[in-house]
Every structure is written in structure tokens, then in C-alpha cells.
Amino acid sequence: MQTKILLDESHIPKAWYNIIPDLPGPLAPVINPRTLQPVTPDDLLPIFPMALIEQEVSTQRWIPIPDEVRDIYRSWRPSPLFRAYRLEQALGTPAKIYYKYEGVSPAGSHKPNSAIPQAWYNKQAGIRRLATETGAGQWGSSLALACSLFGLECTVYMVKVSCTQKPYRRSMMQLWGAEVIPSPSEFTNAGRTILAHDPESPGSLGIAISEAVEDAASHPDTNYALGSVLNHVCLHQTVIGLEAKEQMAIAGTYPDVVIACCGGGSNFAGLAFPFIADRATGKQVRCLAVEPASCPTLTKGVYAFDYGDTAQMAPIAMMYTLGHDFVPPGIHAGGLRYHGESPLVSQLYHAGAIEAKAYKQTACFEGALLFARSEGIVPAPESSHAVRAAIDEAVLAKEEGKEKTILFGLSGHGQLDMGAYDAYLSGGLEDYEYPEALIRASLERLPQVNV
Ligand SMILES: *Cc1c(COP(=O)(O)O)cnc(C)c1O
């Protein structure tokens, strides 16, 4: 009984998988928020390097991973794939449960898979500093790490409510040399406007993105880096699924269902897209994206053009959205509090090619506790959504008396999320109702795009 399936360094993928040529249809254009016309590369050059702009629209199926990036991937990739024997036993399920564990990266999540190449391409383009936003601090710490490895400066606008919930993530960013600014801040027009309306604003990813984009756009030596949502971020994350496919083959099996939690969608994309590609060869695989019930972008949002940020500075994309000025409740899975969704994941969902499900946070923590007590690893609150959904699939298999192979993404560990676990264990963890009125109001303010 092999519990852990490891690959050696030579199996780190040499190219990322780009799903764009294999989508069910053409992608809608991305729209410039000022002109309401399709964006041109020139519109994006003030904030992104050309190499990443090219990846954003590339129709090339395989994009080579630069050697310098693979060299750094080597310090934690290929990441392990585990068979969750003890969890299966605890559930008494006939299902086989596997999980791909991204918590082994230095920052403790999947996010360095994209932070490293983003910092590298910016360095190649002669950029001196990167500005970004962070929710729970996972992306900020990953970019801080990447910048420190390539000698770039890093400024992180951190959602204010997360600064108090996750103080050690802030310390981690500072340890890696980044400057951390609680958002909304007085440093940008976007931040000042929000504070004038609501001095107590807990912040949101949408607001922090506005601040980081404004910072980058107003400084020629500074670019912006986004930790999810965009096509090139989903692309970089496909190392997860490409490795997992090899590891499942070594285990002599193939998943019936692939499950991952979904914030902006890059983690889900990274695990699921390489499996979706196999459908062309006749493989039947379900893919399930799991999101919080309090920020239910796929399950309760609309498929429409919307701004990527609150201040309407970031490009407008066709995606599932809850409205760009919707501020989600302060759940502990801060990395899942985003109003929009990757346009790639959105298009696949709209086409019926993937499934989605939403859970309240106490149900997720309950699953995380069972997982920690059977498998040992403490899941990040974001990852606990995938854990919960995998448990429910396994319980269903038991009720139906069916064998089933489940693969889920354990996107990160939760060792810096003990505040959240404390709240759960002491019975103080709140479930938020689905904020229907707020979402409905926000959806009334979608941009009118006619292209
Ligand atoms: C950020 C984060 C997520 C969400 O990732 P997306 O790619 O935006 O969907 C999931 N898990 C962990 C541990 C994270 O840090």
C-alpha cells in the first residue's frame, strides 16, 4: 500500500499547458475600462511585461517553462501526491481518495507556481518593483518570496481585515523584504475614495487590486502582478495537474472526479485543466470547483462583463461575477473572497464542462478537522472547501455502494491560520448567510459593454 507518490526532479514539466486552443469556443475580448473597446497590448504595457501579455492571449497549446523558473521549482516540485487511506477508513467508503499537496512550497500554497515566473519575466523586462494585492496573505507572501529570489522590490496592499486575522502572513512578507500596506490605504486615490465613504471599510480584494494597479500604472519602473484570475496565472498553475496525471498513472488509476477550491480560479485551473484536456481522447472526468457560500461566484453569480476591481481601473472581462463593488463577508478563507472568476474557468462552467458547489465555512472546518485527524496535515481554510467536497463525494460513493476514484487539490497548509481553527474549536465560528441583497445591488452596477 503506497501512500505517497513522488516523482524525481526530471519530471517537473518542461512546458505549461495552455487550454485556450481547446476551449469550447472563442474567448470574449477583454475590455479597456476607459474606452470600453477591446484592450490592446499597448493598454496593458504600463502594468505587465510583454512576455506575460503574450501568454495571456497565446493560442499555443504548450508554452516552454524557462530554465531559471524550473530551477526554482526544483526546491519543492514535483509536489507529492498522497492516497488518503486513513481518511477512507474513517469514512468507511469504497472510494479511493487521492490528494495533490501544494503546501510543500516555501510559502505554503500553490501560489509560488505563478509568483516565480511572473517575477522572472518582469526582471527580464527591466522592472525594479512589483505591486500587488493580497487577501489572506498567501499571494503576497508568494510574490514577496519570488521578488526576493530575483532581487526585485515588492509592495503588497493587504486587505485590512486579513491584516488582523493573519498577522503572521504579514510578518512573512516583511521577512522576505516586502513592504505591506493595509488596504484601503491613504496612499492611492482608490484607497482614499473608499475611506472617505467608509472609514471602517474591512477592505476587499477588489479594492486592494485597485490600489496596486494604480501604484503600478503611476510608476514607470513598477509593474503589477495578479495572483489568480488571469489566463497566464492559470497557465502557470498547470504544473499541478500535469504532475498529478503522471502520479495517478504510477498509482495505476485515473480520477472519476477532480475537485479543487476556487477563489479566482487559478488553483482549480491548475489541477483540472490538464485532465479536461484528456476528454479529447475519450476520458470521462468530472471536474468540480468548490467555493464559499458567502462569496458564491459561480453558483450564484451572473456570466457578464465586469470590472476586475472595485475602482473600475482594471480591465473588464467576461466572467462569472457578484459585482465589482460587492464586499464579501470576512470569512476565514480570505483567499476565496473575490467577486469575479477566471474567464477561462467561467467559460467552461457556462458551457457545462465543469461543475460547481458552494459550502458554508463551518462545514468546511468540520471536514478539515476530520482530515487533520486522519491524514495529519492541517489544511488551509481555502483548501478545506475541497476537503469537504471530497468527503461528500466519498460518502455518496458509500451510500450508492459504488467504487470511485477521487482526486482533490490540497492547495495549502493552514499552519498560519490557527486563529480560524481556534474560533472553530471554541464554537465561535460564524456562518454567514448568502448576502443576496448586497449581491443583487452590486449586479445592478455592471458596466454596459457592446462589442
Ligand atoms: C489563494 C488560495 C486559494 C485560491 O486560489 P485561486 O487560484 O484564486 O482560486 C486556494 N487555496 C489556497 C491555500 C490559497 O492560498
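Residues numbered from 1 in each chain as written. Predicted model: local features only at pLDDT ≥ 70, side-chain atom pairs only at ≥ 80, totals over all residues. Heavy atoms only, no water.

Student: Describe in detail the pattern of salt bridges, supporting the description with residues and values.
Tutor: Under the criterion given, the structure shown has 21 salt bridges. For D417, the salt bridge is made with K166, and the minimal N-O distance between the two is 2.8 Å. Here D417, found in the loop between β15 (405–410) and α18 (418–425), pairs with K166, found in the loop between α7 (160–165) and α8 (167–175); they are 251 residues apart in sequence, far enough to count as distant. The two residues D417 and K166 agree in class, both being buried. Bridged by salt links that share partners, the residues R77, K100, E102 and E243 form one connected network. (Salt bridge = Lys/Arg side-chain N within 4 Å of Asp/Glu carboxyl O. Helix = DSSP H or I, 4+ residues; strand = E, 2+ residues; numbered from the N terminus. Buried < 20%, exposed > 50% of the residue type's maximum accessible area, 1.4 Å probe, protein only.)

Student: I'd like a description of the packing of aromatic side chains, backed by residues and values.
Tutor: Tallying each qualifying case throughout the model produces 14 aromatic pairs. Residues F365 and Y421 carry aromatic rings whose centres are separated by 5.2 Å and whose planes lie at 80 degrees to one another, so their mutual orientation is edge-to-face. Of the two residues, F365 sits in helix α16 (residues 361–375) while Y421 sits in helix α18, which places them 56 residues apart along the sequence. Taken individually, F365 and Y421 each receive the classification buried, so the pair is uniform in this respect. By way of ring pairs, the aromatic residues F82, Y99, Y101, F371 and F408 are connected into one cluster. For K283, the ring lying beneath its charged end belongs to Y254, and the centroid distance is 4.9 Å. Sitting above the plane of the Y434 ring, K300 keeps its charged end 4.1 Å from the centroid. (Phe/Tyr/Trp six-rings, centres within 6.5 Å; stacked < 30°, edge-to-face > 60°. Lys NZ or Arg CZ within 6 Å of the ring centre and 35° of its normal.)

Student: So what's going on with the UniProt feature "modified residue: N6-(pyridoxal phosphate)lysine" (unreviewed entry) in the protein? Residues and values would help.
Tutor: Per the UniProt record, "modified residue: N6-(pyridoxal phosphate)lysine" (unreviewed entry) is found at K111. Tracing the backbone through its elements, the reader meets K111 in the loop between β5 (96–101) and α5 (112–124). (UniProt positions renumbered as here; feature names shortened; annotations may be inferred.)

Student: Outline the sheet that holds strand β7 (residues 153–159), listing residues and values.
Tutor: If you trace the 4 strands from one edge of the open sheet to the other, you get β8-β7-β6-β9, paired in parallel fashion. The open sheet terminates on both sides in strands that have one partner only, identified here as β8 (179–183) and β9 (222–224). On average, each strand axis in the sheet is inclined to that of its neighbour by 25 degrees, with strand direction left out of account. Bridging between β7 and β8 involves 5 bridges; their strand directions are parallel. Opposite V156, over in β8, you have V180 as the bridge partner. Where helix α6 (residues 138–150) meets the sheet, it contacts β6 (129–134) and β7, and its direction lies at approximately 165 degrees from that of β6. Sitting on the sheet, α8 is in contact with β6, β7 and β8, with an inclination near 170 degrees to β7. (Pairing = 2+ DSSP bridges. Axes fitted to C-alpha atoms, helices over the stretch in contact; angles between N-to-C directions. Contact = heavy atoms within 4.5 Å.)

Student: For the packing of helix α12 (residues 239–250) against helix α13 (residues 266–277), give the residues involved together with the corresponding values.
Tutor: α13 packs onto α12 with a crossing angle of 45 degrees between their chain directions and a minimal axis gap of 6 Å. If you check the angle between α12 and α13, you find them oblique. Handedness of the α12/α13 crossing: right-handed. Listed contacts from α13 to I240, G241, L242, A244 and K245 of α12 are N267, G270, L271, P274 and F275. Grouping the constituent residues of the contact of α12 with α13 by class yields 6 nonpolar, 3 polar and 1 charged. (Parallel < 35°, antiparallel > 145°, perpendicular 65-115°, else oblique. Left-handed = near helix turned anticlockwise from the far one by under 90°. Nonpolar A, V, L, I, M, F, W, Y, C, P; charged D, E, K, R; others polar.)

Student: Please give an account of the site of the ligand that cites residues and values.
Tutor: Near the ligand lie 19 residues; those nearest to it are K111, S228, G263, S266 and S411. Between the ligand and G264, the relevant distance is 2.8 Å, taken from an oxygen atom to a main-chain nitrogen or oxygen of the residue. In the environment of the ligand, a nitrogen atom lies 2.6 Å from a nitrogen or oxygen atom belonging to the side chain of S411. Coverage of the ligand by the protein chains reaches 98% of its 380 Å² of free accessible surface. A class-by-class count of the residues in the shell around the ligand yields 4 nonpolar, 13 polar and 2 charged. (Near = heavy atom within 4 Å. Polar contact = N/O pair within 3.5 Å; in protein donor to acceptor, adjacent residues only side chain to side chain. Areas by Shrake-Rupley, 256 points an atom, 1.4 Å probe, with all protein chains shown as cover.)

Student: With reference to specific residues and values, describe helix α2 (residues 50–57).
Tutor: Residues of α2 that are buried: L52, I53, Q55 and E56. In an axial view of α2, the angular spread of the buried residues amounts to 160 degrees, which keeps them on one side of the axis. Residues of α2 that are buried make contact with β2 (15–17), α1 (41–44), β3 (62–64), α5 and α11 (231–237). (Arc of directions from axis to C-beta.)

Student: Talk me through the pairing of strand β10 (residues 257–261); I want residue IDs and the actual numbers.
Tutor: In terms of burial, β10 is largely enclosed, as 5 of its 5 residues are buried. Burial along β10 is two-sided: the residues V257, I259 and C261 and V258 and A260 are all buried. As judged from the 5 bridges shared by β10 and strand β11 (residues 286–292), these two strands associate in the parallel manner. When the sheet's bridge partners are listed, V258 is paired in β11 with C287. Following the chain from β10 across α13 to the adjacent parallel β11, one finds a crossover that is right-handed. (Right-handed = clockwise from strand over helix to strand, strands pointing away.)

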